[in-house]
Amino acid sequence: MDNAGTFPAVRPRRLRTTAAMRRMVAEHRVHPADLILPAFVREGVDDPVPLGSMPGVAQHSLDSLRKAAGEAAEAGVSGIMLFGVPDEAKKDAIGSPGTDPDGILQRALRAVRAEVGDALVVMSDLCLDEVTDHGHCGVLDAEGRVDNDATLARYAEMARVQAEAGAHVLGPSGMMDGQVGHVRAALDAAGHTDVALLAYTAKFASAFYGPFREAVNSSLTGDRKAYQQDPPNAREALRELAQDLAEGADMVMVKPGLPYLDVLRQVVDASPVPVGAYQISGEYAMVEAAAERGWLDRERAIEETLTSFKRAGADVILTYWATEFAQRWGRERA
Ligand code: PBG
C-alpha cells in the first residue's frame, strides 16, 4: 500500500460500533440505588397540588406522599428527601412549624416510615426557610440579618424532632457556620447517635433554585447571598468540606449539580466520605421546558445529566426524576 502509515492505526471508533459494544465499555452507569427522590408535602391538602414550574412534580398530600414513597422503594430508589410546606398562617419569625412535633414535615416523616419502614433511607431537610414568614434559612437579628448562632439553636431543636419522627438522615441545608457540629451534638445528647448527617457542603447562591420557591410556597424577598456560597468560588468548597468533616458529616453534597460539576469533582477527590450531587429544581425545569417545546430529547437528556454526575464521581444523586428513571431502568432490563 503506497499510502501505508497515512491512515490511523489507532481507531477509538471500533469500540463505538454497536450498542452492545458501547454498553460493554461504558465507564459509568446510573443505577436506581444511586438515586434519592426529593419530595414536597403540603399541609391541609387532600390531593396533590401540581407545580407549574416543575411539570410532573407536585406538593403531595400525606396520602399521595406515602404512595410516592412506596413507588420509589418498589422501583429500587435508595432514598427520599422530604420538604414540608406548612399552612401560611403557621409560619412565623422563628419557624415554629419546624419544631412542632405535629408540624407537617414531622407528620410526613412518620407517614413515610409507616409506609416503607427501612426500605428507603428517609431523609429530611433541616432548614428554616420553609417555615419562616420571612423565608430566610435562619432567624433574624435586630438589623434583619440572619443570625448564625441563634439559628444553630433552632436547628438543634429541629434535628431532635425530626429524629424523633423517624428520619434516618438529616440534611442541614441552611449554610450556617458550624451547623453540622451543632446538630451532631444535639442529636447525640438526645440519644440519636445513629441518625446520620448529609452535609450541604458546597451550596451556592443559585438562580436555579427558582422553581423550588414555588414548590415550598417561599415567603422570601431578596436573596441568600450573605450565607450561601458565591458562584465564582471553588476552593471555598474545600474549606467547607474540611469543616463539615471535622464536625462529623457522614456524607457531603454539592448543590446545584450541572453548573458545579467542577466543584463536585474537586470535592470527590478530597472526600473520604460518600459524596452526593443535587440536581435541583431549575435543572429539572430547564430540561422539561425545552423538551416540551420539542427542543431536546427528554429521556436522553435526563440520562445524560445523571450520567454526568456519576462521571464526576458522585456516589448518590438527588433528582426529581428518581422514580421515573428507576422504573425505566427496570423495564429496559426486564
Ligand atoms: C433550603 C433548600 C433549597 C433547596 C433545597 N433546600 C432552597 C434554597 O436554598 O434557596 C433547593 C432545591 C431545589 O431547588 O431543587 N431549604
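Rules and cut-offs
Residues numbered from 1 in each chain as written. Predicted model: local features only at pLDDT ≥ 70, side-chain atom pairs only at ≥ 80, totals over all residues. Near = placed C-beta within 6 Å. Nonpolar A, V, L, I, M, F, W, Y, C, P; charged D, E, K, R; others polar. Helix = DSSP H or I, 4+ residues; strand = E, 2+ residues; numbered from the N terminus. pLDDT = per-residue confidence, 0-100. UniProt positions renumbered as here; feature names shortened; annotations may be inferred. Contact = placed C-beta atoms within 7 Å. Core = buried A, V, L, I, M, F, W, Y, C linked by C-beta atoms within 7 Å. Buried ≥ 20, exposed ≤ 12 C-beta atoms within 10 Å, placed from the backbone. Expected span 1.5 Å × (residues − 1). Arc of directions from axis to C-beta. Pairing = 2+ DSSP bridges. Right-handed = clockwise from strand over helix to strand, strands pointing away.

Chemist: How do you make sense of the site of the ligand when you look at a structure like this?
Modeler: Taken together, the residues surrounding the ligand are Asp125, Cys127, Asp129, Cys137, Ser173, Tyr209, Phe212, Arg224, Ile280 and Ser281. Class assignment for the residues of the shell around the ligand results in five nonpolar, two polar and three charged.

Chemist: Explanation requested: unusual backbone geometry in the structure shown.
Modeler: One can expect most non-glycine residues to show negative phi and most peptide bonds to be in trans. For the bond running from Lys255 to Pro256, omega is -10°, close enough to zero to count as cis. Positive phi, close to 60°, is recorded for Met175, a residue that is not glycine. Of note, Met175 is situated in the loop between β6 (169-172) and α5 (179-189).

Chemist: Got a minute to help me understand the confidence of the model for the protein in this structure?
Modeler: Predicted coordinates in regions of low pLDDT should not be interpreted in detail. For the protein, the average pLDDT comes to 97, and 99% of its residues sit at 70 or higher. Scoring the predicted complex yields pTM 0.96 and, for the interface, ipTM 0.96.

Chemist: For this particular structure, what's the right way to read the UniProt feature "active site" (unreviewed entry) in the protein?
Modeler: In the UniProt entry, the feature "active site" (unreviewed entry) is given for Lys203 and Lys255. The annotated residues occupy 53 residues of the chain but converge on a single region, no pair of C-alpha atoms lying more than 4.9 Å apart. Position of Lys203 relative to the elements: it lies in strand β7 (residues 196-203). Those residues in contact with Lys203, other than ones at most four positions away along the chain, are Ser173, Met175, Gln228, Gln229 and Lys255. Within the secondary structure, Lys255 sits in strand β8 (residues 251-255). In this structure Lys255 touches Tyr200, Ala202, Lys203, Tyr278 and Ile280, once residues within four positions along its chain are discounted.

Chemist: Would you mind showing me how to read the nonpolar core here?
Modeler: One recurring pattern in soluble globular proteins is that nonpolar side chains are buried together. Counting 95 residues, the largest nonpolar core has Ile36, Ala72, Ile80 and Leu82 as the members making the most contacts within it. In terms of residue count, helix α4 (residues 148-164) provides more of this core than any other element does, seven residues in total.

Chemist: What's the story with helix α10 (residues 298-311) in this structure? I'm lost.
Modeler: Residue pairs three or four apart in sequence face the same way in an α-helix, which turns once every 3.6 residues. For α10, which comprises 14 residues, the first-to-last C-alpha distance of 20 Å matches the rise-based estimate of 20 Å (1.5 Å per residue) to within 8%. All buried positions along α10 are accounted for by Ile302, Thr305, Leu306 and Phe309. Angular distribution of buried residues about the axis of α10 spans 95°; they occupy a single face of the element. The exposed residues of α10 that point more than 90 degrees off its buried face are Arg300 and Glu304. Gly313 occupies a position one or two residues after α10 and carries a positive phi of about 105°.

Chemist: For this particular structure, what's the right way to read the pairing of strand β4 (residues 79-85)?
Modeler: The side chains of a regular strand alternate, first on one face of the sheet and then on the other. Counting buried residues in β4 gives seven out of seven residues, a clear majority hidden from the surface. Alternating residues of β4 divide into Gly79, Met81, Phe83 and Val85 and Ile80, Leu82 and Gly84, and every residue in both groups is buried. Across seven bridges, strand β1 (residues 35-42) lies against β4 in parallel orientation. The residue bridging Val41 from the neighbouring strand is Gly84, located in β4. In this structure, β4 lies alongside strand β5 (residues 121-126), joined through four bridges in parallel fashion. The partner of Leu82 across the bridge, within β5, is Ser124. A crossover connection joins β4 to the parallel β5 through helix α3 (residues 104-116); in handedness this β-α-β unit is right-handed.

Chemist: It is not clear to me how the environment of Ala111 should be interpreted in this structure. Could you clarify?
Modeler: In this structure, Ala111 sits in helix α3. With 21 C-beta atoms packed within 10 Å, Ala111 lands in the buried category. Separated by 43 residues in sequence, Ala111 and Ala68 place their C-alpha atoms 11 Å apart. Those residues in contact with Ala111 that sit more than four places away from it in its chain are Leu62, Leu65 and Arg66.

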